[in-house]
Structures are given as structure tokens and as C-alpha cells.
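If you want the building blocks of each chain, they are given just below.
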Amino acid sequence: MLMMKTERWFALFNERLAKSKFFLADEPTIVDFHGVFAFSFVEKAFLTKGGSIEKYPNVVRWWAEVKEVPAVKEMVESGIAMLP
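These figures come from a predicted structure and were not determined experimentally.

Asks: What am I meant to see in the pattern of salt bridges here?
Replies: A side chain with one charge can pair with a side chain of the opposite charge if their charged atoms come near. The tally for this structure, following the rule as stated, stands at three salt bridges. Glu7 is the salt-bridge partner of Lys55, the closest N and O atoms lying 3.1 Å from each other. Remark: Glu7 occurs in helix α1 (residues 2-17) and Lys55 occurs in the loop between α2 (30-45) and α3 (57-66); sequence separation between them is 48 residues. Relative accessible area serves as the criterion here: at 24%, Glu7 is assigned to the partly exposed category. We note a salt bridge from Glu68 to Lys73, for which the minimum N-O separation is 3.1 Å. Residue classification places Glu68 among the partly exposed positions, given a relative accessible area of 49%.

Asks: Would you mind showing me how to read the confidence of the model for the protein chain here?
Replies: When pLDDT is low, close inspection of the predicted coordinates is not appropriate. Counting all residues, the mean pLDDT for the protein chain is 90, and 96% of those residues have values of 70 or more. When the elements of the protein chain are averaged for pLDDT, α1 gives the smallest value, 87, and α3 the largest, 96.

Asks: Can you help me understand the side chain of Ser20 in this one?
Replies: Mapped onto the fold, Ser20 is located in the loop between α1 and α2. A polar contact of 2.5 Å, which involves the side chain of Ser20, links it to the backbone oxygen of Phe22. When residues no more than four places from it in sequence are discounted, the contact partners of Ser20 are Ala25, Asp26 and Arg61.

Asks: Any chance you could explain the packing of aromatic side chains here in plain terms?
Replies: Each aromatic ring pair is summarised here by two numbers: the centre-to-centre distance and the angle between the ring planes. Summed over the entire model, instances satisfying the criterion amount to nine aromatic pairs. Through successive ring pairs, a cluster of aromatic residues spans Trp9, Phe10, Phe13, Phe23, Phe39, Phe46, Tyr56, Trp62 and Trp63.

Rules behind the numbers
- Residues numbered from 1 in each chain as written.
- Predicted model: local features only at pLDDT ≥ 70, side-chain atom pairs only at ≥ 80, totals over all residues.
- Heavy atoms only, no water.
- Salt bridge = Lys/Arg side-chain N within 4 Å of Asp/Glu carboxyl O.
- Helix = DSSP H or I, 4+ residues; strand = E, 2+ residues; numbered from the N terminus.
- Buried < 20%, exposed > 50% of the residue type's maximum accessible area, 1.4 Å probe, protein only.
- pLDDT = per-residue confidence, 0-100.
- Polar contact = N/O pair within 3.5 Å; in protein donor to acceptor, adjacent residues only side chain to side chain.
- Contact = heavy atoms within 4.5 Å.
- Phe/Tyr/Trp six-rings, centres within 6.5 Å; stacked < 30°, edge-to-face > 60°.

If you want it as C-alpha cells, here you go:
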């Protein structure tokens, strides 16, 4: 059941991200910054346990690009854990 819901969410995100570089526009917004924290959880709880998002190319692209936004990049590279 959880996997089915996860797949539906990723499909929805993938479809939305086909329309612009980031969730709402071609520049990051607060939605993307909130997404960083949510997706950090996804990465920790789903991807590190064998889950995959490879069949959602727009999600893969967004995750790579949002981590290159200077403020996000600085936060990620700081070494401070975003999640417990």
C-alpha cells in the first residue's frame, strides 16, 4: 500500500515538473525549498533502502537542480544534518 501511494506521488510530481524547471516556475520558490526538506526524508527513508526514482526523470532532474541552488548547496555541504 505504501509503495503504491509513493508511486502515485512521484508520478504526480514528475508530471508537474514537466511544466517548469522547478515546481511553480523556472526559478525556485518556497515550494521547492520546502521540498528540499521533504525530499531529504524521502532520500533517507526510501532511496537509501533500495527505492528508486529513476523512472521519474523530472523528479531526478529537479532533485539534482534544487541541490545546486546556492542556499541549498551551502546547507547540504555544511554537514549539518537536516533530519535526525
